[in-house]
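Fold and contact review
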Amino acid sequence: MLNDLKQQPADALLALIKLHNNDPRADKIDLGVGVYKTADGATPVFAAIKAAEKKLVEEQDTKAYLGPEGDMGFVEKLMPYIFGKANPTMDGRIEGMQTPGGTGSLRLALAMVKRAGYKRVIVGKPSWPNHNQICADLGLDVLEFNHAAAGGADMDALRGAIASAEAGDAILLHGCCHNPTGIDYTNAEWDEIAGLLAASPILPVLDLAYQGLGQGMEEDAYGLRKVLAAVPEALVCYSCDKNFGLYRDRVGALYAMVADPADLTKVMSNGHSLARANWSQPPDHGGAAVRLILEDEALTAQWLAELDEMRERMRGVRATLEAAGKTGGVDLTPVGKQNGLFSIIPFTPEQVQAMRADYGIYFAASGRINVAGLTTGNIQQFIAAVAAVTA
């Protein structure tokens with residue numbers, strides 16, 4: 001019967017990695033893979049993580065199972081950074097559990113959405129491709145609205161999507177550093193969104209995968225906190241893969257906020273049972289390292305300083321592209337006002353191919369680039385290639 005399985009298309013990003021790796025040119029540039037890179041093109045392990053891992057090696061005395069909820073010390077230590085130090089549990093209305101990365105958190109959140117009786121998820125377009133893939137795999141319908149407009153987010157499209165929503169709908173919103181556009185809602189827009197959601201029957205699912213990589217840890221949590229203060233229920237998907245550099249260790253968390261604290265046990269029992277059926281227990285190592293960092297003031301300060309350095313480097317890359325302005329037939333100015341790892345440059349398919357074939361510069365067919373792939377050594381090469389290809 002396995003012979004009846006249909007061939008699935010190759011993942012476009014994985015295919016892009018292979019193309020880049022096979023390119024013999026010494027000056028090739030990889031702007032496709034969604035990981036942070038230093039000015040030297042490396043994706044290093046945080047020094048704070050190295051220190052925490054050393055403590056784990058010296059002090060960890062067992063590898064016994066933790067249970068489907070994972071390392072609850074890790075889950076709880078993150079909460080003040082996500083929800084605010086003043087009232088991180090929202091008066092006992094929020095509880096969480098560890099997941100295998102942000103993807104595991106999203107999968108679990110949307111499975112809970114399905115189990116709770118929701119039928120449809122409202123998603124901005126474009127979005128991270130796995131958002132729609134997970135919905136499709138779970139049998140959830142997707143209603144798309146346009147996310148980006150000239151100069152920023154398309155608020156009219158979002159207003160229309162929320163206004164047309166019904167009971168049984170959920171909405172998936174990026175908390176910050178929108179993937180793939182880099183276009184975030186302003187604080188004033190989040191204020192409006194919170195009010196719209198408060199008056200709507202739909203369930204917010206907030207994906208916070210890049211906290212700290214946009215404007216700062218506190219600044220990047222503004223929208224999420226504003227929405228949670230306005231609505232009775234929500235799910236929050238969190239990833240430590242980017243802001244702790246733990247990509248391959250798969251470190252994430254799912255949080256549920258309920259209207260009545262008495263419902264938390266019931267809600268989280270569903271999260272635990274779904275996790276048990278999917279991955280049984282999350283991997284411990286990365287989550288334990290994060291917990292050790294957040295338990296130690298010196299390691300926390302070291303981690304935050306490393307995160308600041310990452311963010312400032314990417315802001316510097318964005319400033320250089322913004323200063324380039326009109327380059328050939330493309331205006332790079334908007335990139336400076338965007339956040340996080342990604343931006344979309346409006347290339348045609350032919351121009352994307354020309355950037356690869358003629359200049360060895362690799363990025364997604366959508367025009368999404370990882371700005372962290374640009375360095376002081378190659379950014380002028382990129383700008384010159386853009387000018388030549390789009391002229």
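Now for a description of the structure that goes with this document. Worth saying up front: this structure is predicted, and the values here are computed from it rather than measured. (Residues numbered from 1 in each chain as written. Predicted model: local features only at pLDDT ≥ 70, side-chain atom pairs only at ≥ 80, totals over all residues. Heavy atoms only, no water.)

**Looking at the overall build of the chain**
Counting secondary structure elements, the chain contains 14 helices and 15 strands. Relative to the compact-globule value of 21 Å for 391 residues, the chain shows a C-alpha radius of gyration of 21 Å, a close match. Considered along the principal axes of its C-alpha atoms, the chain spans approximately 60 × 55 × 55 Å. By residue count, 53% of the 391 residues in the chain fall in the buried class. Nonlocal contacts in the chain, meaning residues at least 24 apart in sequence, comprise 75% of its contacts between residues at least 6 apart. Accessible surface computed for the chain: about 17200 Å², of which carbon and sulfur atoms make up 54%. Across the chain, 35 positive and 47 negative side-chain charges occur, with their mean positions spaced 4 Å apart. (Helix = DSSP H or I, 4+ residues; strand = E, 2+ residues; numbered from the N terminus. Rg over C-alpha atoms; globule rule 2.2 N^0.38 Å. Buried < 20%, exposed > 50% of the residue type's maximum accessible area, 1.4 Å probe, protein only. Contact = heavy atoms within 4.5 Å. Areas by Shrake-Rupley, 256 points an atom, 1.4 Å probe, with all protein chains shown as cover. Lys, Arg positive; Asp, Glu negative; His and termini not counted. Charge placed at Lys NZ, Arg CZ, Asp CG, Glu CD.)

**As for the packing of aromatic side chains**
This model, assessed by the stated rule, comprises six aromatic pairs. Judged by centre distance (6.2 Å) and plane angle (85 degrees), the rings of tyrosine 210 and phenylalanine 342 are edge-to-face. With a gap of 132 residues between them, tyrosine 210 in the loop between β8 (203-208) and α8 (217-220) and phenylalanine 342 in strand β13 (residues 342-344) connect regions that are remote in the sequence. Relative to tryptophan 303, the ring of phenylalanine 244 lies with its centre 4.2 Å away and its plane at 5 degrees, an arrangement referred to as stacked. Of this pair, phenylalanine 244 sits in the loop between β9 (234-239) and β10 (251-257) while tryptophan 303 sits in helix α12 (residues 297-324), and the two are 59 residues apart along the sequence. Pair check on accessibility: phenylalanine 244 and tryptophan 303 agree, each one buried. Through a chain of ring-to-ring contacts, three or more aromatic side chains come together here, namely Tyr81, Phe244 and Trp303. Across from the ring centre of tyrosine 81, 4.7 Å away, lies the NZ or CZ of lysine 85, which sits over that ring. (Phe/Tyr/Trp six-rings, centres within 6.5 Å; stacked < 30°, edge-to-face > 60°. Lys NZ or Arg CZ within 6 Å of the ring centre and 35° of its normal.)

**Points about the environment of arginine 250**
Along the chain, the position of arginine 250 falls in the loop between β9 and β10. Separated by 146 residues in sequence, arginine 250 and glycine 104 place their C-alpha atoms 8.4 Å apart.

**Remarks on the state of the cysteines**
Summed over all chains, the structure comprises zero disulfides. Here cysteine 176 stays free of any disulfide, with the sulfur of cysteine 177 as its closest cysteine sulfur at 3.9 Å. The thiol of cysteine 237 is not disulfide-bonded; the next cysteine sulfur, from cysteine 135, is found 11 Å away. (Disulfide = S-S within 2.5 Å.)

**Description of the pairing of strand β3 (residues 120-125)**
The pairing of β3 with strand β4 (residues 141-146) spans six bridges and is classified as parallel. Bridge pairing in β4 places valine 123 opposite glutamate 144. Where the polypeptide runs from β3 across helix α5 (residues 129-138) and back to β4, its parallel neighbour, the crossover connection is right-handed. Two strands pair when backbone bridges link them, and β3 and strand β7 (residues 169-174) are joined in this way by four bridges, in the parallel orientation. Counterpart to arginine 120 in the pairing with β7 is aspartate 169. (Pairing = 2+ DSSP bridges. Right-handed = clockwise from strand over helix to strand, strands pointing away.)

**Some details on the pattern of salt bridges**
Any two side chains of opposite charge can pair, so long as their charged atoms come close to each other. This model, assessed by the stated rule, comprises 16 salt bridges. Lysine 226 is the salt-bridge partner of aspartate 191, the closest N and O atoms lying 3.7 Å from each other. Here lysine 226 lies in helix α9 (residues 222-230) and aspartate 191 lies in helix α7 (residues 187-198), a separation of 35 residues in the sequence. Residue classification places lysine 226 among the partly exposed positions, given a relative accessible area of 35%. Linked by salt bridges that have partners in common, Asp71, Arg291 and Glu295 make up one network. (Salt bridge = Lys/Arg side-chain N within 4 Å of Asp/Glu carboxyl O.)

**Overview of the sheet that holds strand β2 (residues 94-100)**
Within the open sheet, the seven strands sit side by side as β2-β10-β9-β8-β7-β3-β4. Their pairing is mixed. In the strand order of this sheet, the two ends are held by β2 and β4, each with one partner. The mean inter-strand angle of the sheet, taken between neighbouring strand axes irrespective of direction, is 20 degrees. Looking at chain direction, β7 and β8 are connected through five bridges and run parallel. (Axes fitted to C-alpha atoms, helices over the stretch in contact; angles between N-to-C directions.)

**Regarding the packing of helix α11 (residues 285-295) against α12**
Axis separation between α11 and α12 bottoms out at 5 Å; the angle between their running directions is 110 degrees. Relative to α12, the element α11 is oriented roughly perpendicular. Judged by residue contacts, Leu292, Ile293, Leu294 and Glu295 of α11 engage Glu297, Leu299, Thr300 and Trp303 from α12. Residue composition of the contact of α11 with α12, by class: five nonpolar, one polar and two charged. (Parallel < 35°, antiparallel > 145°, perpendicular 65-115°, else oblique. Nonpolar A, V, L, I, M, F, W, Y, C, P; charged D, E, K, R; others polar.)

**Notes on helix α3 (residues 72-83)**
Helix length check: α3 (12 residues) gives 16 Å between terminal C-alpha atoms against 16 Å at 1.5 Å per residue, within 8%. Looking at α3, one finds that the buried residues are Phe74, Val75, Leu78, Met79, Tyr81, Ile82 and Phe83. Backbone nitrogen of glycine 73 and a side-chain oxygen of the N-cap are separated by 3.0 Å at the start of α3; the cap is aspartate 71. Count one or two residues on from α3 and you reach glycine 84, which has phi positive near 105 degrees. (Expected span 1.5 Å × (residues − 1). Polar contact = N/O pair within 3.5 Å; in protein donor to acceptor, adjacent residues only side chain to side chain.)

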